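# Commentary on secondary and tertiary structure
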Amino acid sequence: MLHFQLRLEINEFLLINFYASEVHVSSPCRLARRRCDFNTQEKFIVHLPIYTGLQARCRLARLSAARLPLLAMFVFFLSLVMPGTSAAQSTGVLYEPEPPADAAYVRIVHLNPNEKIDVLVDGKMRQSGLKQGQFGDYLILRSGPHEIQLQAHQASKKITASRLEVGATQVVTLAFVDMQKQVKPIVFDDKADLNRMKARLTVYHLADKLGPVNISTADGKTNVFRALAPSSSHSLAVNPIKVELLTCPSANQPAGMGECSSPALQQARAALVLERGDNYSLLLTMDANSALQARFTKNTLESRAAK
C-alpha cells in the first residue's frame, strides 16, 4: 500500500494540496484521464474530468495516516472555492465558456501610423485601442458572412470596412496595410496547431519594399525561413526554445543563412521565447524611416466570460 500526495494548480493562481490513501502500487489514478505510474518519483500532468481544464501534478510521497483527510473533503472544498477564489476574481470566472462548434477565429492587425483603432464586427464593438503593428485577439465568430469595420479610437470615425465570409473552424488574420487608400486587407489563413508538444511560429511579411527575405538564427548558423515572399506568411512547428532571429533581404544573404550584407536599416533582430503548446507571431514591417522592424508576440484569444 502506498499513500500519495496530489498537488493541484488552478489557472496558475490557486494551489491546493490534498492527500489520499488506499492506492495500490501501479494502479491508475482514478481521477485522471491518463494513468499515473506510482512506481516512479517523477511528476506527471493529469487532467481532472470533474472540471475541464484543471491541471494537476501527481507526485508520490509516503505520508503518515495523521495527514490523510478524506478525498471527499477535497472535492467539497474545491466546489466551494471555485466561485470565489483569488483565481476567479482575477479572471472574472475560473473557466471561459466554450466557443460554438461552428466558430471561426479572426484577428486584425493594421499599419496605420497615426492612431489607434477600434474593431467592430457587424456593427458591434469587439476590440478597442489597437495600436499599429499590434495583433488583436482572435475574435470568435459564427461561420458565415461578417462586416469588419475599423474606426478611429479617439474620434469614433469610420476609417474602412471590409466584408469577410468565414467557415467553421477557420482561423484568419486580416492585415490592413493601407487604410487611407481603402485597399482591401490581406487575408492570411492561419494554421490551427493541435500538437501540444510543439510551439508554432508564424511569420507575416508586410515589409513589401524589401522583396523576399530570409530569417535565420542571429549567429547565422541555421536557416529558419528562406525567401519569404512579400504579403505572405509561413508557419513552422518547433521545439520549445529561446532564440534570437535575424531577418535579412534574400538578395543580401543568398545562402539563406550566414552573414547579412544589407545596410543596418534593412536588418532586424528579434528575441523569441517559444513555449510548448503555444502559438506565436512575428510581424515584419517598415517604419516611417524605411527601417525594417520585427515584432514578436504570443497569440491571444478574446475573452468570452462577459458574452
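Residues numbered from 1 in each chain as written. Predicted model: local features only at pLDDT ≥ 70, side-chain atom pairs only at ≥ 80, totals over all residues. Heavy atoms only, no water.

### Notes on the overall build of the protein
Check the secondary structure of the protein and you find two helices and 20 strands. Intrachain contacts of the protein at a sequence separation of at least 6 include 58% that bridge at least 24 residues. In the form shown here, the protein has an accessible surface area of approximately 16,800 Å², with 51% of it arising from carbon and sulfur atoms. (Helix = DSSP H or I, 4+ residues; strand = E, 2+ residues; numbered from the N terminus. Contact = heavy atoms within 4.5 Å. Areas by Shrake-Rupley, 256 points an atom, 1.4 Å probe, with all protein chains shown as cover.)

### Concerning the side chain of Asp-190
One can find Asp-190 in the loop between strand E12 (186–189) and strand E13 (199–205). Of the side chains with opposite charge, Arg-107 lies nearest to the buried Asp-190, which makes no salt bridge, at 4.1 Å. One polar contact links Asp-190 to Tyr-204, side chain to side chain, over a distance of 2.8 Å. When neighbours within four sequence positions are excluded, Asp-190 is seen to be in contact with Arg-107, Tyr-138, Val-171, Val-172, Thr-173 and Tyr-204. (Buried < 20%, exposed > 50% of the residue type's maximum accessible area, 1.4 Å probe, protein only. Lys, Arg positive; Asp, Glu negative; His and termini not counted. Salt bridge = Lys/Arg side-chain N within 4 Å of Asp/Glu carboxyl O. Polar contact = N/O pair within 3.5 Å; in protein donor to acceptor, adjacent residues only side chain to side chain.)

### Focus on the sheet that holds E13
Spatial ordering of the open sheet is given by E16-E13-E19-E20, a layout of four strands whose pairing is mixed. Each of the sheet's edge strands pairs with one partner strand only, and the pair in question is strand E16 (232–238) and strand E20 (292–298). Averaged over all adjacent pairs, the angle separating strand axes in this sheet is 20°, with direction ignored. Where strand E19 (residues 279–286) meets E20, seven bridges bridge the pair, whose relative direction is antiparallel. (Pairing = 2+ DSSP bridges. Axes fitted to C-alpha atoms, helices over the stretch in contact; angles between N-to-C directions.)

### A few points about the pattern of salt bridges
For the coordinates displayed, the defined rule picks out four salt bridges. Two residues, Glu-244 and Arg-269, come together in a salt bridge whose shortest N-O distance is 3.9 Å. One end of the pair, Glu-244, is in strand E17 (residues 241–249); the other, Arg-269, is in strand E18 (residues 268–274), with 25 residues separating them in the sequence. Residue class for Arg-269 comes out partly exposed when judged on its relative accessible area of 48%. With a closest N to O distance of 3.3 Å, Asp-278 and Lys-298 form a salt bridge. Taken together, the residues span a long stretch of sequence, with Asp-278 in the loop between E18 and E19 and Lys-298 in strand E20 at a distance of 20 residues.

### Quick look at the sheet that holds E18
Overall, antiparallel pairing links the four strands, which are arranged E15-E14-E17-E18 in an open sheet. With one partner strand each, in any of the chains shown, strand E15 (223–228) and E18 form the two edges of the open sheet. Averaged over all pairs of adjacent strands, the angle between their axes in this sheet comes to 20°, without regard to strand direction. As paired strands, strand E14 (residues 213–217) and E17 are joined by five bridges and run antiparallel to one another. Its bridge partner lying in E17, Ile-215 is registered against Thr-247.

### Description of the confidence of the model for the protein
Reading predicted coordinates in detail is not appropriate for stretches of low pLDDT. For the protein, per-residue confidence averages 75 on the pLDDT scale, and residues scoring 70 or more make up 67% of the total. Residue range residues 1–91 is modelled with pLDDT below 50. Its contacts to residues more than four positions away, or to other chains, number 143 contacts. (pLDDT = per-residue confidence, 0-100.)

### Section: the environment of Ala-168
Mapped onto the elements, Ala-168 comes out in the loop between strand E10 (158–166) and strand E11 (171–176). Taking the C-alpha atoms as reference, Ala-168 lies 5.3 Å from Ala-103; in sequence the two are 65 residues apart. Ignoring any residue separated from it by four or fewer positions in sequence, one finds Ala-168 in contact with Asp-102, Ala-103 and Ser-143.

### Points about the nonpolar core
Core analysis: the largest hydrophobic core is formed by 20 residues, its most contacted members being Leu-201, Val-203, Ile-215, Leu-245, Leu-272, Leu-282 and Leu-284. Looking at this core, the elements that each hand over two or more residues are E13, E14, E15, E17, E18, E19 and E20. Among the elements that line this core, the one with the most residues is E18, at four residues. Residue contacts for Leu-245: discarding those within four places in its chain leaves Leu-201, Ile-215, Ser-216, Thr-217, Ala-218, Val-224, Ala-268, Arg-269, Ala-270, Leu-272 and Leu-282. (Core = buried A, V, L, I, M, F, W, Y, C linked by side-chain atoms within 4.5 Å.)

### Details of the pairing of E11
A large share of E11 lies buried, amounting to six of its six residues. Here E11 shows a buried face lined by Val-171, Thr-173 and Ala-175 and a second buried face lined by Val-172, Leu-174 and Phe-176. By the bridge criterion, six bridges tie strand E5 (residues 103–110) to E11 in an arrangement that is parallel. Along E11, the bridge assignment pairs Val-106 with Val-172. In this structure, E11 lies alongside E12, joined through four bridges in antiparallel fashion. If you follow Thr-173 over to E12, its bridge partner there is Phe-188.

### Describing unusual backbone geometry
Most peptide bonds take the trans configuration, and most residues that are not glycine carry a negative phi. For Asp-122, which is not glycine, the phi dihedral falls at a positive 55°. Among the structural elements, Asp-122 can be located in the loop between strand E6 (117–121) and strand E7 (124–130). Residue Asp-122 is classed as partly exposed on the basis of its relative accessible area of 46%. Within the chain, Ser-290 stands out as a residue other than glycine whose phi angle is a positive 60°. Look at Ser-290 and you get partly exposed, because its relative accessible area is 36%.

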